[in-house]
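Given next are the chains, with one letter for each unit.
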Amino acid sequence: MERIKRVGLPPGSLIYVGKKFTEPVTFEIIAYNEEFLEEATLESTDDIKQFLNKNYKIWLNVNGLHDAKVVEEIGTLFNIHPLTQEDIMNTEQRPKAEEYDDYLFIALKMLNKHPSRDTFESEHLSLICGNNYVISFQEEKGDNFDVVRERLRKGHRIRKRGVDYLTYVLMDVTIDSYFLVTEKMGEWISHEEIKIIKDPNVKRTFEINQLRHDMSQFRKHIWPVRDVINSIIRYQ
């Protein structure tokens, strides 16, 4: 239905394509340099302004893509192109990297094992790397980035380097999750193969076919990441 709504709209139209959420968008920010770190949970885009134009770098994490007004307000604050804003909200966007005058935009998929079923969940992730800031846009709260937050708190070398290094670390953690999911899916397939040999039936066949479908979706998410990496290398 959402895909149909996008048809015929001009480029840059902010239409959310993804899961339905009613919760308000939330914001987390880490401001840092080699000697200083401050963390805050913000209630509105207006609260972001106090962290701008300071003598430190910032990582702004946005939980929620479903509010076009919020994405537009952040776009205004950081001078983000309308086409980038459109890609941020389009959860069907394939992984890609695009260079603009003031920032680098990266779209990826964050993958995790489903909490209750033998399959995986995918989440649209956008990263924007500017002169002294990184913005991460996620569909919902909860991610794999706690290890990055902890490194920042402990004075890891991320604090000493530019925001491009933080962007690299966030991408690295995201891509690492692909290997964990790949390993897990291999275990599921082996397990199902053993079960279907011991007890062949229609249900087992359906489960194998479902795993094949999941593998196809998995490849769809991770295959374009090679092009993303190659694009970033060319931008250097």
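Residues numbered from 1 in each chain as written. Predicted model: local features only at pLDDT ≥ 70, side-chain atom pairs only at ≥ 80, totals over all residues. Heavy atoms only, no water.

Hey, could you run me through the overall build of the chain in this one?
Across its full length, the chain holds seven helices and seven strands. Relative to its 236 residues, the chain shows a buried fraction of 47%. Residue pairs in contact within the chain that sit at least 24 positions apart in sequence constitute 63% of those at least 6 positions apart. (Helix = DSSP H or I, 4+ residues; strand = E, 2+ residues; numbered from the N terminus. Buried < 20%, exposed > 50% of the residue type's maximum accessible area, 1.4 Å probe, protein only. Contact = heavy atoms within 4.5 Å.)

When you look at the packing of aromatic side chains in this model, what are you seeing that I'm missing?
Pairs of aromatic rings are described using the distance from one ring centre to the other and the angle between the two planes. On inspection of all chains with the given rule, the structure shows five aromatic pairs. Seen in terms of ring centroids, Phe36 and Tyr56 are 5.3 Å apart; in terms of plane orientation they differ by 20°. Their pairing is stacked. With a gap of 20 residues between them, Phe36 in the loop between strand E1 (26-32) and strand E2 (37-42) and Tyr56 in the loop between E2 and strand E3 (57-63) connect regions that are remote in the sequence. Residue Phe36 is classed as partly exposed on the basis of its relative accessible area, which comes to 29%. Look at Tyr56 and you get buried, because its relative accessible area is 16%. Aromatic side chains Tyr165 and Tyr168 sit 5.7 Å apart centroid to centroid with 35° between the ring planes, which places their arrangement in the tilted category. Of this pair, Tyr165 and Tyr168 both sit in helix H5 (residues 163-198), three residues apart, which is roughly one turn of the helix. Above the face of the Tyr165 ring, Arg161 is positioned so that its terminal group lies 4.4 Å from the ring centre. (Phe/Tyr/Trp six-rings, centres within 6.5 Å; stacked < 30°, edge-to-face > 60°. Lys NZ or Arg CZ within 6 Å of the ring centre and 35° of its normal.)

Please explain the pattern of salt bridges as it appears in this structure.
Side chains that carry opposite charge are capable of pairing whenever their charged atoms lie near each other. The full count for this structure, using the stated rule, is eight salt bridges. The partner of Arg153 in a salt bridge is Glu39, and the shortest N-O contact between them spans 2.7 Å. With a gap of 114 residues between them, Arg153 in helix H4 (residues 146-153) and Glu39 in strand E2 connect regions that are remote in the sequence. Judged by its relative accessible area of 37%, Glu39 is partly exposed. Between Arg149 and Asp146 there is a salt bridge, with its nearest N and O atoms 2.9 Å apart. (Salt bridge = Lys/Arg side-chain N within 4 Å of Asp/Glu carboxyl O.)

Mind showing me how you'd approach the side chain of Ser136 here?
Considering the arrangement of structural elements, one finds Ser136 in strand E7 (residues 133-138). A polar side-chain atom of Ser136 sits 3.0 Å from a polar atom in the side chain of Trp59. In contact with Ser136, other than residues within four places in its own chain, are Trp59, Leu60, Asn61, Val62, Leu125, Ser126 and Leu127. (Polar contact = N/O pair within 3.5 Å; in protein donor to acceptor, adjacent residues only side chain to side chain.)

Would you mind showing me how to read the nonpolar core here?
In this structure, Trp59, Ile106, Val148, Ile158, Leu166 and Leu170 are the most contacted members of the largest nonpolar core, which totals 33 residues. Secondary structure elements with two or more residues in this core: E1, strand E5 (104-113), strand E6 (120-129), H4, H5 and helix H7 (225-235). For this core, the leading source of residues is H5, giving 12 residues. Non-local contacts of Leu166, meaning those with residues more than four positions away in its chain, are made with Tyr32, Trp59, Val134, Val148 and Ile158. Judged by nonpolar contacts, the second largest core, of 30 residues, contains Ile48, Val62, Val70 and Ile80. (Core = buried A, V, L, I, M, F, W, Y, C linked by side-chain atoms within 4.5 Å.)

Teacher, can you tell me more about the packing of H4 against H5 here?
Packing of H4 against H5 leaves a shortest axis separation of 10 Å and a crossing angle of 145°. Regarding H4 and H5, the two cross each other, and that crossing is right-handed. On H5, the residues touching Val147, Val148 and Arg151 of H4 are Leu166, Val169, Leu170 and Val173. (Axes fitted to C-alpha atoms, helices over the stretch in contact; angles between N-to-C directions. Left-handed = near helix turned anticlockwise from the far one by under 90°.)

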